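What the coordinates show
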Amino acid sequence: MSFTPADQRFMARALALAARGQNTTHPNPRVGCVIVRGDQVVGEGWHRRAGEPHAEVLALAEAGEAARGATIYLTLEPCSHSGRTPPCVDAVVAAAPARVVVAMLDPNPVVDGNAAGTLRKAGIEVAVGLYGDRAEALNRGFVSRMRRGRPWVISKIAASVDGRTAVASGESKWISSAESRADVQQLRAGCSAIVTGIGTVLADDPSLNVRRENCERQPLRVICDTRLRTAPGAQTLGLDGDVVIATASNDGARRAALAAAGAGFMDVAEQGGHLDLRQLLELLAQREVNEVLVEAGPILNGALVAAGLTDELVIYYAPSLLGGDGRAMFQLPQVVTMADKVECSFSECTRVGPDLKVRLLLADT
């Protein structure tokens, strides 16, 4: 299907609008809408928060009667089911546009193509696929949850240029710069949940919250703690937002003490002395978690990679060397031959202060 330069321009604008919801739309997808009559924009909208009007409803309200016979550019197929809001496809049909251009169909199985079919039955021309890759990248967590039944998993690591995350004693503060640590706050804000391991909690007592002005939503904080070794006085338990301890332990006394400190619990099966990480991610998906940011040590990071559950790495390389005795980024099964290596591809490489920020996608993503 061919699209005009004007189509490309207006869809790019819709995608830019959608991106404004990066930190706020959880658990809904980020969606933008532009309504054009002739060559004039008559309405715009983007989804801000779950429960509030969707992008197309806001744009239609702005356009009013000018939407009749117009072209609507949407980054995601309109919803065709009742959830927190009524079906948007009904509002689009009622507005009677001549054409609807959709970047991608909704991966939610209760929608997936239904709204496009409804529009066509109403005599509205529908074109799908313009900048679909960009729309999917903007909602990779939502897409992952709908298609794979688990969130998109990002492991964030700060390391020296020789790939060490701490000196041999475990000391790691601070490898990366203040600029990198500020950048991590933006990374956290865009995720639905932050996951760490009990080893990191015991060694570093991290906060794991978003520390920035105008933070509208704290991600769910998840501690992987098979034996319930988290201390009730752990810093993260006393901060705003929800904390869940994923565990295989039924120790009633420990649970009561941690619950009194503000923790919730997620029961996860034990597998080889550790939590079943695939089940953990499936349970998080059931809680409508789209993107997971893993901030952990080499054991949890390595286990996720080895299980094929890590989708993306974000590594902040500091211009320093910690030597061969320093702690590695991943504890992986022994790589005996080159055929055993884990393949990645670079997707971003930028400077953040004195550091180098590298994004990599795992080969199977």
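Structural notes, computed from the coordinates. (Residues numbered from 1 in each chain as written. Predicted model: local features only at pLDDT ≥ 70, side-chain atom pairs only at ≥ 80, totals over all residues. Heavy atoms only, no water.)

Sheet strands pair by backbone hydrogen bonding; their relative direction is either parallel or antiparallel. Spatially, nine strands are ordered β11-β10-β9-β8-β14-β6-β15-β18-β17 in an open sheet, and the strand pairing comes out mixed. For this open sheet the edge positions go to β11 (263-267) and β17 (344-352), each flanked by a neighbour on one side alone. Pairwise comparison of adjacent strand axes, ignoring direction, gives a mean angle of 25° for this sheet. The sheet contact formed by strand β8 (residues 193-197) and strand β9 (residues 220-224) spans five bridges and is parallel. Across the sheet, the residue bridging to Ile-194 is Arg-221, located in β9. The sheet contacts of helix α7 (residues 178-189) involve β6 (152-160), β8, β14 (291-294), β15 (312-318), β17 and β18 (355-362), and relative to β15 the element is tilted by about 165°. (Pairing = 2+ DSSP bridges. Helix = DSSP H or I, 4+ residues; strand = E, 2+ residues; numbered from the N terminus. Axes fitted to C-alpha atoms, helices over the stretch in contact; angles between N-to-C directions. Contact = heavy atoms within 4.5 Å.)

Our focus in this paragraph is the nonpolar core. Counting residues in hydrophobic clusters, the biggest one holds 39 residues, and the most contacted among them are Met-11, Ile-35 and Ile-72. For this core, the secondary-structure elements that each account for two or more residues are α1 (5-18), β1 (32-37), α2 (55-63), β3 (71-74), α3 (88-95), β4 (99-102), α4 (114-121) and β5 (125-128). Considering each element in turn, this core owes the most residues, five residues, to α1. Residues within four places of Ile-72 in sequence aside, it is in contact with Cys-33, Val-34, Ile-35, Leu-60, Val-92, Pro-97, Arg-99, Val-100 and Val-101. Ala-246, Val-268, Leu-281 and Val-289 belong to the second largest nonpolar core, which has 23 residues in total. (Core = buried A, V, L, I, M, F, W, Y, C linked by side-chain atoms within 4.5 Å. Buried < 20%, exposed > 50% of the residue type's maximum accessible area, 1.4 Å probe, protein only.)

As a further point, take the pattern of salt bridges. According to the stated counting rule, one finds 19 salt bridges in the structure shown. Residue Glu-291 is joined to Arg-30 by a salt bridge in which the shortest nitrogen-to-oxygen separation is 3.1 Å. Residue Glu-291 is located in strand β14, and its partner Arg-30 is located in the loop between α1 and β1; the two are separated by 261 residues in the primary sequence. This pair shows no difference in class: Glu-291 is buried, exactly as Arg-30 is. Note that Glu-52 is salt-bridged to Arg-49, the shortest N-O span being 3.4 Å. When its relative accessible area of 31% is taken as the criterion, Arg-49 is described as partly exposed. Here the salt bridges do not stand alone but share partners, grouping Arg-140, Glu-312, Glu-348 and Arg-359 into one network. (Salt bridge = Lys/Arg side-chain N within 4 Å of Asp/Glu carboxyl O.)

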